[in-house]
Amino acid sequence: MTISTDLDRRFREAAASSGLLDVAYDLLDTPVGPLLVAVTDGGLCRVSFDPEPEREADALARAYGVRVLRASRPVDAARRELDEYFAGRRREFDLPTDLRIEAPFRLAVLAELARVPYGATTTYGELARRAGRPRAARAVGTFMNRNPIPIVLPCHRVVGSNGALVGYGGGLERKEALLRLEGVLA
Amino acid sequence: MDAVAAPPFERFYLEHRDVVFAFLARRLGRQAAEDAFQETFLRALRAYPRLRHARELRAWVFTIAARVATDEHRRRARAPEPSRPEAVEDGRPAYAELDDLARHLPPTERAAVVLRYGYDLDYADIAAALDSTEAAARQAASSGVRRLRRKGIANDYLD
């Protein structure tokens, strides 16, 4: 016997409304492929390209608690803002983020990253300098590669000192697509 | 016993939602089973972080489902007369008393004893709860009972 999709949906909604979930996530279709988007009570905590939900759920459970459930409604705000961004109608995200698991220097770098405006780029070295450790460009590169919330925290706007795109956790093609969307690349 | 971390709730839910619903539908009918299903998994969600290990998750969720079904039966029966021999001398329902007595049994035996004698499930349902056969369920219940008797733990429900 298989439960109906309606019953399944109702349970997931009830669970989300119960306030008992540590993490709710859902999958979104976007122009750069499927994204897994996860939120806690504190805000957005994860955006993943090419998601493998099983592995993602394990990682989320380790980081935030075992009550991880796929549910649509908690992710609505993030879904809406990402849709608007991809449609070219949004230049800044108003979503709260939950970065409680990040160490202090990473947090400082991600805070600086969040200030890089739409349609602009900066370099790894510049970001390191702004976060207070001018010689940590390489570490900043690693942080960008492991950015828990790409797109919303715009690591695609960080390039090498010579302007080369260098790398991207979601693949260079996606970095190009995002910069093209923002009018940085022709 | 080594601690086995509980999987993300999503996986636990996906693995058990169909068997739990089937069980509740047999006990309560399809319509009432829908509410009981929600209640069962919400109770499980509430208790989930307190699970000390992830063994026997299936038996655990069946115990919750059985309790939800019992509550529903009791609610239905409240008006005229209780149809099930649940009331006991000290006022605790059978499953509560047994759950307590059986807490030191190995998980499978504990689940079998509690589901059989506490919730009055038949061995087909207990087999579903334990993901085993009816014969194995019967075996687990009876070796659980023997183990309790050896420890001098007696209970009217076990006779």
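Let me begin by describing the structure that accompanies this report. (Residues numbered from 1 in each chain as written. Chains lettered and ligands numbered in written order. Predicted model: local features only at pLDDT ≥ 70, side-chain atom pairs only at ≥ 80, totals over all residues.)

## Comments concerning the sheet that holds strand E2 (residues 33–40) of chain A
All names here are of chain A.
Phase 1 of the analysis: Reading across the sheet, the four strands line up as E3-E2-E1-E4 and stay open at both edges, with mixed pairing between neighbours. The open sheet has two edge strands, strand E3 (43–49) and strand E4 (68–70), and neither has a second partner. On average, each strand axis in the sheet is tilted by 25 degrees relative to the strand beside it, whichever way the strands run.
Phase 2 of the analysis: Sheet strands touched by helix H3 (residues 76–86): strand E1 (23–30), E2 and E3. Its angle to E1, the strand with the most contacts, is close to 25 degrees. (Pairing = 2+ DSSP bridges. Helix = DSSP H or I, 4+ residues; strand = E, 2+ residues; numbered from the N terminus. Axes fitted to C-alpha atoms, helices over the stretch in contact; angles between N-to-C directions. Contact = placed C-beta atoms within 7 Å.)

## Observations regarding the interface of chain B and chain A
Phase 1 of the analysis: Contacts between chain B and chain A engage 20 residues on the former and 20 residues on the latter.
Phase 2 of the analysis: Those elements giving two or more residues to the side of chain B that touches chain A turn out to be helix H1 (9–28) and helix H2 (30–47) of chain B.
Phase 3 of the analysis: Counting residues per element, the side of chain B that touches chain A draws most heavily on H1(B), which supplies nine residues.
Phase 4 of the analysis: A per-class count over the side of chain B that touches chain A returns 13 nonpolar, one polar and six charged. (Nonpolar A, V, L, I, M, F, W, Y, C, P; charged D, E, K, R; others polar.)

## Notes on the packing of helix H4 (residues 94–101) of chain B against helix H5 (residues 107–118) of chain B
Residues and elements named next belong to chain B.
Phase 1 of the analysis: Close contact between H4 and H5 brings their axes to 9 Å; oriented N to C, the two are set at 160 degrees. Considered as vectors, H4 and H5 are oriented roughly antiparallel to each other. Both H4 and H5 take part in a crossing whose hand is right-handed. Contact residues: Ala 94, Tyr 95, Leu 98 and Asp 99 in H4; Val 113, Val 114, Tyr 117 and Gly 118 in H5.
Phase 2 of the analysis: Here the contact of H4 with H5 is built from residues that sort into six nonpolar, one polar and one charged. (Parallel < 35°, antiparallel > 145°, perpendicular 65-115°, else oblique. Left-handed = near helix turned anticlockwise from the far one by under 90°.)

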